[in-house]
Every structure is written in structure tokens, then in C-alpha cells.
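A closer look at the structure
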Amino acid sequence: MSATRSPKVSERVAPKASDPQPSRKKHDEDDGPSFGMLFHAWVEAHRASLLDSLRRLGKQPIGSFFTCLVMAVALSLPMGLSLLLNNVERLGGSWQRAAQISLYLQLDASSDQGEQLSNQIKGMAGVADAEFISREKALEEFQQQSGLGEALKELPDNPLPGVVLVTPNEVDKTALEALRERLAELPNVQQAQLDLVWVERLAAILKLGDRFVFGLTVLLVSALLLVIGNTIRLHIENRRIEIEVIKLVGGTDSYVRRPFLYMGALYGFGAGVLSWGVLAFGLNWLNDAVTGLAGLYGSNFALAGVPVADGLSLLLGAVLLGYIGAWIAVARHLRELSPK
């Protein structure tokens, strides 16, 4: 028998301290790629899709331009009408004067009392301004405007009372009626008169304009979605085989969808820029005729251009419409693009 002893089980299982230990992977290597790597890959994927969309649109400059132009015209119509209404509302001072409340004072009210009442009314809620017209000034203006100056001079006494003209803050029938009732209860006021018929007509015209713009906006937005959806559908059909191969090798729906979404957003961006330019040119072109017409009436009214805030809102809305239209088109046709 051999004199050597076999090593103990513990000695066979446990390695010696001097034996080299097998290297272990770090814990973070087992967890996969880091957040920085994932974010960089995400940015690169979106950058590649954006550049690919720009390249494909650049290959068809004329077709892309006319698609953006059609969208720009559809965007310009409701936005232009809205800007025209806003410019008309700038004449609110004239409308407020048309909706003035006339306070006829008692005949025995002095000019000082009329001035004090005017100052008191200026501090009331809902009042933009108040102007006192004395009895003497009212008679003088009536003599000039009526053409009966010589006949009125023969009157023994001034029959006209003092008047306080109250200009409201807003042209609203309910608010004006409430303000008239409050003013009629003030001291030395004999009668408070308001032409509500004109106010009702003005409110009806403005309401009709707002509804017309809203309806036209809904109609043209629907048309824009159809235009961008049909355009993206044509791009999808041109790349059908390419998309089927991508999905065959494991491409996800988001990977396939991404370049078309960028394409729709680019169409919207181009349409927004063109629409902004069309509106600025159109308002500037109309401004010459408007200023000439206003000058005939002794007014210096002129159309304002496209405000920067409205222009940026138009641009953002156009991009969102292009994105949404592309999303709808891709979602509709993505099921048909599965490899068979």
C-alpha cells in the first residue's frame, strides 16, 4: 500500500490562499448599458431619423414646397380672419363711445356738482372714463351742430341740462344695463340713457364673427389632417418593401414610425413659416387701403401686423398638426406593413 495519504475533503474543495482566484465581473457590468449610453443611443436614433427625413424631403423640393404651401393657405385663412377681428376690436374705443351712458342732470344742478359727480363716477367699477358737459357748453355745441344758432339766442333761458358722458370698460349688454341702473340712483341725476339696440347689434356681429372663425378653423384643420395624412401615406407606400424588411429583422413599430413623424412635423414647420409670411404680406398689402379709407373719416387707424406671440402659436400649431396627421396615417397603415 502506498504510504501517502489522500488529501482531506476540505482540502480538495477549498482552494489555498496562494491559489489565484477566478476574476468576477463587476456588478454594474451585469446590469447592462448605463443610462448615459442609452440616452446617447436615443439621441443618435432621433438625429438619424431627422436627417433621413430632411434628405428625403430635399430630394423632392418642388413637391414638398407645394404641400407646405397648400397647408399654409389652409392655416392662413382662419388665422387671418382672427387677426382682422382683433384689428377691428382695436376700434373698441369708438365702440365704447357709441355705447356711452348719458346722464342728464337736474336743471338746478351747478357746474361744481356736475364736476364732483363726474369725478365720483370715474372711480366706479366698470367705468373707463366720465366727462362732464356743462349747460353752457351743451347749448354752444347744439347751436353749432343744429344750425339754429340765431334762433336759440332768442330763448330767455337755457333749456339744456348738464350731461355726464360715461364710457364703460366693456361693451356687454348685461354689464351696461347694471351700470346704468347704478348711475341712475346717483344724486342730481334726472335720467340715465343707454342705446341698448346698438349694443345688441354690435354684440351679435362680434358673436357671428367668432363663430364663423371657429367653424372655419375646425373645417380647415380637418382638411389639413387629411392632406398631411395622405402625403405620409404616399411616403409609406414608396417605402413598403423597406419597412417590411426592417420589421422582418426585428425592427419595432416605434423605429418604423419615427422618421414619418419627423416628416410630418417638418411639413408642419414649413407650412407654419409660409403661413406667417403670407399673413404678414397680406396685412401689409391691405394696410394701404385701410389707412386711405380711415383718412377719409379723419382717423389714423392702421392694421397691426402679426404679433410675435400669435406667429409662434401658429408655428407650434402647424408642427403639432403635422405630427398628429403623420401619427394617424402611420398608425392606420402600420398593421398592413407586417411581413408575410
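Quick caveat, the model's predicted, so the values are computed rather than measured. (Residues numbered from 1 in each chain as written. Predicted model: local features only at pLDDT ≥ 70, side-chain atom pairs only at ≥ 80, totals over all residues. Heavy atoms only, no water.)

Under the feature "transmembrane region" (unreviewed entry), the UniProt entry names residues 62-85, 212-232, 260-281 and 301-330. Annotated as residues 301-330, this span is 77% helix and 0% strand, and its ends, taken at the C-alpha atoms, are 49 Å apart. (UniProt positions renumbered as here; feature names shortened; annotations may be inferred. Helix = DSSP H or I, 4+ residues; strand = E, 2+ residues; numbered from the N terminus.)

For the rest of this paragraph, the subject is the pairing of strand β3 (residues 163-168). Taking burial as the measure, the six residues of β3 include six buried ones, the bulk of the element. Inspection of the sheet shows strand β1 (residues 101-105) paired to β3 by four bridges, in the antiparallel sense. Across the sheet, residue L103 finds its bridge partner in β3, namely V164. As judged from the six bridges shared by strand β2 (residues 127-133) and β3, these two strands associate in the antiparallel manner. From the neighbouring strand, E131 faces β3, where its bridge partner is L165. (Buried < 20%, exposed > 50% of the residue type's maximum accessible area, 1.4 Å probe, protein only. Pairing = 2+ DSSP bridges.)

Turning our attention to the packing of aromatic side chains. Note on aromatic pairs: each is described by the distance of the centres and the angle between the planes. All told, the structure shown has two aromatic pairs when counted by the stated rule. Their ring planes at 75° and their centres at 5.6 Å tell us that F65 and F66 sit as a pair that is edge-to-face. Taking the relative accessible area as the measure of exposure, F65 reaches 41% and is therefore partly exposed. With a relative accessible area of 49%, F66 lands in the partly exposed category. Over the ring of W327 we find R257, and its NZ or CZ is 4.6 Å from the ring centre. (Phe/Tyr/Trp six-rings, centres within 6.5 Å; stacked < 30°, edge-to-face > 60°. Lys NZ or Arg CZ within 6 Å of the ring centre and 35° of its normal.)

Here we come to the environment of S222. If you trace the backbone, S222 turns up in helix α10 (residues 196-238). In this structure the C-alpha to C-alpha distance between S222 and G325, which are 103 residues apart in sequence, comes to 9.6 Å. A polar contact is formed between the side chain of S222 and the backbone oxygen of V218, at a distance of 2.9 Å. (Polar contact = N/O pair within 3.5 Å; in protein donor to acceptor, adjacent residues only side chain to side chain.)

The next thing to look at is the packing of helix α3 (residues 35-59) against helix α12 (residues 253-296). The geometry of α3 relative to α12 is characterised by a closest axis approach of 8 Å and an angle of 55° between their N-to-C directions. It follows from the interaxial angle that α3 and α12 lie oblique. Note on packing geometry: the crossing formed by α3 with α12 is right-handed. The segment α3 lies against α12, with A45, H46, S49, L50, D52, S53, L54, R56 and L57 engaging R258, P259, Y262, M263, L266 and Y267. (Axes fitted to C-alpha atoms, helices over the stretch in contact; angles between N-to-C directions. Parallel < 35°, antiparallel > 145°, perpendicular 65-115°, else oblique. Left-handed = near helix turned anticlockwise from the far one by under 90°. Contact = heavy atoms within 4.5 Å.)

The next thing to look at is the sheet that holds strand β4 (residues 189-193). Spatial ordering of the open sheet is given by β2-β3-β1-β4, a layout of four strands whose pairing is antiparallel. Edge positions in the open sheet fall to β2 and β4, since each of these has one partner strand only. Between one strand and the next, the sheet's axes are offset by a mean angle of 20°, whatever the strand orientation. On top of the sheet, helix α6 (residues 111-122) reaches β1, β2, β3 and β4; it is set at about 175° to β2, its chief contact. Together, β1, β2, β3 and β4 form the strand contacts of helix α9 (residues 173-184), whose direction differs from that of β1 by roughly 10°.

On to the nonpolar core. Formed by 32 residues in total, the largest nonpolar core has its most connected members in L75, I232 and Y267. Counting residues per element, the ones that place at least two in this core are α4 (61-89), α10, α12 and α13 (308-333). Broken down by element, the residue count for this core peaks at 10 residues, all from α12. Dropping the residues within four chain positions of it, I232 is found in contact with F260, M263, G264, A326, A329 and V330. Core analysis: the second largest hydrophobic core is formed by 20 residues, A130, F132, V164 and V189 among them. (Core = buried A, V, L, I, M, F, W, Y, C linked by side-chain atoms within 4.5 Å.)

Further remarks concern α3. With 25 residues, α3 extends 36 Å from end C-alpha to end C-alpha; this agrees with the ideal 36 Å at 1.5 Å per step. Listed in full, the buried residues belonging to α3 are H46, S49, D52, S53 and L57. (Expected span 1.5 Å × (residues − 1).)

With that out of the way, let us pick up the pattern of salt bridges. For the structure shown, the criterion picks out five salt bridges. Residues R47 and E44 are paired through a salt bridge, measuring 2.8 Å at the closest nitrogen-oxygen approach. Residue R47 and its partner E44 are located together in helix α3, separated by three residues, close to a single helical turn. Under the relative-accessibility criterion, R47 is labelled partly exposed at 44%. Residue classification places E44 among the partly exposed positions, given a relative accessible area of 30%. As a salt-bridge pair, E177 and R180 come within 3.0 Å of each other at their nearest N and O atoms. Pair noted here: E177 and R180 are both in helix α9, with a separation of three residues, about one helical turn. The exposure class assigned to E177 is partly exposed, which follows from its relative accessible area of 21%. Here the residues in one salt-bridge network are D52, R55 and R56, joined through shared partners. (Salt bridge = Lys/Arg side-chain N within 4 Å of Asp/Glu carboxyl O.)

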